[in-house]
Amino acid sequence: MLTQTTTRVLAPGDLDAALGILESDPVANAFVTSRVLAAGLDPWRLGGEMWGWYAGGRLRSLCYAGANLVPICAPPDAVRAFVDRARRAGRRCSSIVGPAESTTLLWQLLEPGWGPAREVRAHQPLMVTDRMPTDIAPDPLVRRVRKDEMDAIMPACVAMFTEEVGISPLAGDGGLLYQARIAELVGAGRSFARFDPDTGQVVFKAEIGAATPTACQIQGVWVAPEFRGRGLSVPGMAAVLRFALTDVAPVASLYVNDYNTAARAAYRRVGFEEVGAFMSVLF
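Note that the structure is a prediction, hence the values are computed from the model and not measured.

Cut-offs and rules
- Residues numbered from 1 in each chain as written.
- Predicted model: local features only at pLDDT ≥ 70, side-chain atom pairs only at ≥ 80, totals over all residues.
- Heavy atoms only, no water.
- Helix = DSSP H or I, 4+ residues; strand = E, 2+ residues; numbered from the N terminus.
- Buried < 20%, exposed > 50% of the residue type's maximum accessible area, 1.4 Å probe, protein only.
- Polar contact = N/O pair within 3.5 Å; in protein donor to acceptor, adjacent residues only side chain to side chain.
- Pairing = 2+ DSSP bridges.
- Contact = heavy atoms within 4.5 Å.
- Axes fitted to C-alpha atoms, helices over the stretch in contact; angles between N-to-C directions.
- Core = buried A, V, L, I, M, F, W, Y, C linked by side-chain atoms within 4.5 Å.
- Expected span 1.5 Å × (residues − 1).
- Parallel < 35°, antiparallel > 145°, perpendicular 65-115°, else oblique.
- Left-handed = near helix turned anticlockwise from the far one by under 90°.
- Nonpolar A, V, L, I, M, F, W, Y, C, P; charged D, E, K, R; others polar.
- Salt bridge = Lys/Arg side-chain N within 4 Å of Asp/Glu carboxyl O.

(A) Spotlight on the side chain of Lys205. With respect to the secondary-structure elements, Lys205 resides in strand β9 (residues 202-211). Judged by relative accessible area, Lys205 falls into the buried class, the value being 0%. Among the polar contacts listed, one links the side chain of Lys205 to the side chain of Glu207, at a separation of 2.8 Å.

Shown next, in the form of structure tokens:
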């Protein structure tokens, strides 16, 4: 038994203990929980390592170290331990993202060696709802994207990602991984859009990016620039929320940049309430 404060890479046999940590905050941990439920803890299948922090002989905190570095239920002592391991391993991630308090400390300690970041988003409100709004009719034209509509949805996804993150997802590998991820969401029935009936253009879209039995996370909400200001986002979000709560999980969440006042207002209009904050560090 581990009796001292220590960290190690978790193995498949640690799955139940890791899920116990993840399920202690199902909303904030939805992204990592969904990955673990799908892939377990084998690093090859998971797409990264899961670090565990032990205190008093018990697993207390986690840190997912893959394309993203994500601290999970991590008090300051755990964050410092994860920083030590991250320094030894070197930066392999394209972003750090997680609850604002632990991620702030994580970045403060890593920045001297890993910085500068391309962008730091220090406060991204985490918003949640478990019910449909009673005063907003979901947009009846928002529907699941079909598998034969990949050619239509991909340009909208690329435009959203580039606008949101500041770089194109097609860079590097030509977009193979990104296209595979969008295809995965479309195949799972978790990609939604409203198409212009005359041109077939995507005018509104969103995805349910992470899904567990207890919570799901909406992402990639986007309205085509030429259609903005027409009131499409609120009924569009209501439609996606209906799919989420009916078909995926009893709670829906999302996180949003604090400076995006229009999006925050639209989400509040649909019934989302702020329950915390995330922080993202982009490289």
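On we go.
(B) A look at the sheet that holds strand β6 (residues 119-129). Pairing within the open sheet is mixed, and its 12 strands lie in the order β1-β2-β3-β4-β5-β12-β6-β11-β10-β9-β8-β7. Two strands lie at the open edges of the sheet, namely β1 (6-9) and β7 (143-144), each paired on one side alone. As paired strands, strand β2 (residues 49-55) and strand β3 (residues 58-65) are joined by seven bridges and run antiparallel to one another. Bridged to Trp53 within β3 is Ser61. Lying on the sheet, helix α4 (residues 76-89) is in contact with β1, β2 and β3; it crosses β2 at an angle near 135 degrees.

(C) Molecular detail of the nonpolar core. Core analysis: the largest hydrophobic core is formed by 47 residues, its most contacted members being Ile153, Ile182, Ile218, Ala252, Tyr267 and Phe272. Among the elements that line this core, the one with the most residues is helix α8 (residues 233-248), at nine residues. Excluding its chain neighbours within four sequence positions, the residues that come into contact with Ile218 are Ala206, Glu207, Ile208, Met237, Val240, Ala252, Ser253, Leu254 and Phe272.

(D) Up close: α8. Its 16 residues place the ends of α8 21 Å apart at the C-alpha level, agreeing with the 22 Å of an ideal helix rising 1.5 Å per residue. Taken as a whole, α8 has its buried residues at Val234, Pro235, Gly236, Met237, Ala238, Ala239, Val240, Leu241, Phe243, Ala244 and Leu245.

(E) Examining the pairing of strand β8 (residues 191-195) more closely. Judged by how many residues are buried, β8 sits mostly within the fold: four of five residues are covered. In this sheet, β8 lies alongside β7 in antiparallel orientation, the contact comprising two bridges. Residue pairing in the sheet places Arg144 in a bridge with Phe192 of β8. Connecting β8 to the next strand, β9, in antiparallel fashion are six residues, including Gly200 with a positive phi near 80 degrees.

(F) Inspection of the pairing of β6 at higher detail. Strand direction decides the pairing type here: β6 and strand β12 (residues 273-282), joined by eight bridges, are antiparallel. Note on β12: the bridge partner recorded for Leu126 is Gly276. With four bridges connecting them, β6 and strand β11 (residues 252-255) associate as antiparallel partners. Counterpart to Leu126 in the pairing with β11 is Tyr255.

(G) Inspection of unusual backbone geometry at higher detail. Residue Pro116 follows Gly115 across a cis peptide bond; omega there is -5 degrees. Topologically, Pro116 is positioned in the loop between α5 (100-114) and β6. Positioned with a positive phi, Cys73 is a non-glycine residue whose angle comes to about 50 degrees. Mapped onto the secondary structure, Cys73 falls in the loop between β4 (68-72) and α4.

(H) A look at the packing of α4 against α5. One can describe the packing of α4 onto α5 by two numbers: an axis separation of 9 Å at closest approach and a directional angle of 30 degrees. With respect to their mutual orientation, α4 and α5 come out roughly parallel. In this structure, α4 crosses over α5, and the sense of that crossing is right-handed. Touching Pro76, Val79, Arg80, Phe82, Val83, Ala86 and Arg87 of α4 are Ser102, Leu105, Leu106, Leu109, Leu110 and Trp114, all from α5. In terms of residue class, the contact of α4 with α5 is made up of 10 nonpolar, one polar and two charged.

(I) Here's a closer look at the environment of Thr7. Residue position: Thr7 is located in strand β1. Between the C-alpha atom of Thr7 and that of Phe82, which follows or precedes it by 75 residues, the distance is 7.5 Å.

(J) Here's a closer look at the pattern of salt bridges. One pass over the structure, following the stated rule, counts 16 salt bridges. Where Arg146 meets Asp148, a salt bridge forms, and the shortest distance between an N and an O atom there is 3.1 Å. We classify Arg146 as partly exposed; its relative accessible area is 44%. Salt bridges linked by common partners bring Arg143, Arg146, Asp148 and Glu149 together as one network.

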